[in-house]
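The residues making up each chain are set out below.
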Amino acid sequence: MICQECKQRPATLHFTKIINGEKTEVHLCEHCAQERGEMLMFSENAGFSINNLLAGLLNLESPLKEAKTSAFQGPEILQCERCKMTYHQFTKVGRFGCSDCYHTFSRHLQPILRRLHSGNATHAGKIPKRIGGAIHIRKQIEKLKQKLQDLIVREEFEKAANVRDEIRSLESRLMEYGEGGL
Amino acid sequence: MSLEKFLNTAVSSWMSQEGPDSDIVLSSRIRLARNIEDFQFPTVFTNEEAQEIVDLFEKTFAYKSYVPFGKFELLKMNELQPIEKRVLVEKHLISPHLAEDCAFGACLLSENEEVSIMINEEDHIRIQCLFPGLQLTEALDVANQLDDWIETHVNYAFDEKRGYLTSCPTNVGTGMRASVMMHLPALVLTQQMNRIIPAINQLGLVVRGTYGEGSEALGNIFQISNQITLGKSEEDIVEDLKSVVQQLIAQERMAREALVKTSNIQLEDRIFRSYGILTNSRIIESKEAAQCLSDVRLGIDLGYIRNVSRSILNELMILMQPGFLQQYAGGALRPSERDVRRATLIRERLKMEERKYQEMEGDEE
């Protein structure tokens, strides 16, 4: 399909406009869509560009909208200090530059991960043995605390006391990890 | 090089050995993606960093024994010939990406070729275990052991909330891709596959052709793998995949039974025609060869063909790929030459089978 505006480039942006109940289908190329700036007011999620399908998955804001704001207000640059990758670059390549990027881009990451992993954003699998030692203990403590609450509710105080002792010994082990720098 | 000798060096154990349900499941694979905290990801790392990682692996892991895999050999991509790399890709030991685009790519390979650890691919480390038949749990076990072995020497990039950190957000969490290669000729013949694929996709699993993304299902071989890596444990992912695979196995067996019942002679005809093509053709393209091999394999599974071993499909599907053909020929081949070579290779290989079975019968008498 050819862009209805310039009649030269292929149309990559397709959407339906409804004004006063009157429906119009619009097919534009990206260039003409940019030029007819008034369209972009509607384009929060209405514009669908095939070229931006993948980038769009990573970038929640419409790519066109972002282009526009950056032109007028100056872009807000979110950049990883360690590898110098910007958030914008990340949305283009779809790859992180280093492990710090996960931290730097974390506020954008939650919805992206949810989209990619059917609604999940928190790890539930293996924890590395060596460096994960402290994490293992912390998870164990969390579980035991839950168990402690259950036992107290059921008034099984003798068992609860045992669990409490277990938690204390784990907590002291966790302290050792803390001193060891991990 | 004689065919026998070539086969000895070319065939990995998962191709020739059988595993559970190996009438339908050709192989099970587990891949774990890991990165080292101290280095930037391969997306942006410097050549020096890349070299340092290769050196680290050469120093720490290469030529060391790890029971039960024996010694690991380190293969550097920039030291291999293009044909050698292609052969490794066709054997599924390395990815096309590692072979073609990773200047500092390397691969640690176990002696029995069940395990390969790719270095500096999309992530610093990719552990791969390949087992014959349906053995996902076993493969995961081994992958986990190797993972722990490597972790004693390097600090993994890991985050409590996000899990193992990977270059691509589609792998983060477990970093695990579990996949199973299945031969499903009866489901294709009865046109049920078109209906099944979308259903599988809805379960968070992906169905693809043999050589990964975008490749078509040559020889009715499908690869089924998990899509989601975050929010589920490795064991749960494997269990989910396994249960779908088991259902597919049941469906395929039912479809085979139905085919035998409703169109026995047509099926037998199809199988023996394909056998005839493979044993007689002088020029054969890979697509036709794959289809005929699939038919012959079905014929073996259903008992129509008795004097050919079952592993012939796994083996020839890989050996007839361009890289292998050229290695066997000892040099580069044009596509038209390959088709002639392919036909020769398949004819000779099937003749070996005939001789083997004649000898066996001779012994019995």
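Residues numbered from 1 in each chain as written. Chains lettered and ligands numbered in written order. Predicted model: local features only at pLDDT ≥ 70, side-chain atom pairs only at ≥ 80, totals over all residues. Heavy atoms only, no water.

- Named according to an unreviewed UniProt entry, chain B is Protein-arginine kinase originating from [Anoxybacillus] calidus.
- Per UniProt, chain B has the following entry under Sequence similarities (unreviewed entry): "Belongs to the ATP:guanido phosphotransferase family."
- One UniProt comment on chain B, placed under Catalytic activity (unreviewed entry), says "L-arginyl-[protein] + ATP = N(omega)-phospho-L-arginyl-[protein] + ADP + H(+)". (UniProt positions renumbered as here; feature names shortened; annotations may be inferred.)

- Under the annotation held in an unreviewed UniProt entry, chain A carries the name Protein arginine kinase activator and is attributed to [Anoxybacillus] calidus.

**A few points about the domain arrangement of chain B**
Accessible area lost on assembly of the parts is the figure often given for the size of an interface.
Residues and elements named next belong to chain B.
Part 1 of the argument: Split by domain assignment, chain B resolves into domain 1 (3–173) and domain 2 (260–359).
Part 2 of the argument: Each partner contributes to the interface: domain 1 provides 20 residues, whereas domain 2 provides 23 residues.
Part 3 of the argument: Counting across the interface, domain 1 meets domain 2 through one salt bridge.
Part 4 of the argument: For Arg 310, the salt bridge identified is with Glu 18, shortest N-O distance 2.9 Å. (Domains from an automatic or database assignment. Contact = heavy atoms within 4.5 Å. Salt bridge = Lys/Arg side-chain N within 4 Å of Asp/Glu carboxyl O.)

**Details of helix α6 (residues 106–116) of chain A**
Residues and elements named next belong to chain A.
Part 1 of the argument: Of all the residues in α6, the buried ones are His 108, Leu 109, Ile 112, Leu 113 and Leu 116. For α6, the buried positions fall inside an angular range of 125° around the axis, keeping them on one side.
Part 2 of the argument: Once α6 finishes, Ser 118 follows within two positions and takes phi at roughly 45°, a positive value. (Buried < 20%, exposed > 50% of the residue type's maximum accessible area, 1.4 Å probe, protein only. Helix = DSSP H or I, 4+ residues; strand = E, 2+ residues; numbered from the N terminus. Arc of directions from axis to C-beta.)

**Quick look at the UniProt feature "coiled-coil region" (unreviewed entry) in chain A**
Part 1 of the argument: The positions that UniProt labels "coiled-coil region" (unreviewed entry) are, in the present scheme, residues 134–173 of chain A.
Part 2 of the argument: Taken end to end, residues 134–173 of chain A is 92% helix and 0% strand, and its two terminal C-alpha atoms sit 9 Å from one another.

**Description of the sheet that holds strand β1 (residues 25–34) of chain B**
Residue and element names in this part refer to chain B.
Part 1 of the argument: Reading across the sheet, the eight strands line up as β2-β3-β4-β5-β1-β8-β10-β9 and stay open at both edges, with antiparallel pairing between neighbours. At either end of the open sheet lies a strand with only one pairing partner, and these are β2 (72–76) and β9 (205–208). Sheet twist, expressed as the mean angle between neighbouring strand axes with direction ignored, is 20°.
Part 2 of the argument: As defined by bridge partners, β2 adjoins strand β3 (residues 106–110) across five bridges and the pair is classed as antiparallel. Bridging from a neighbouring strand, Lys 76 pairs with Ala 106 of β3.
Part 3 of the argument: Its contacts with the sheet put helix α6 (residues 136–151) on β1, β2, β4 (115–119), β5 (125–132) and β8 (176–183), and the angle it makes with β5 is roughly 150°. (Pairing = 2+ DSSP bridges. Axes fitted to C-alpha atoms, helices over the stretch in contact; angles between N-to-C directions.)

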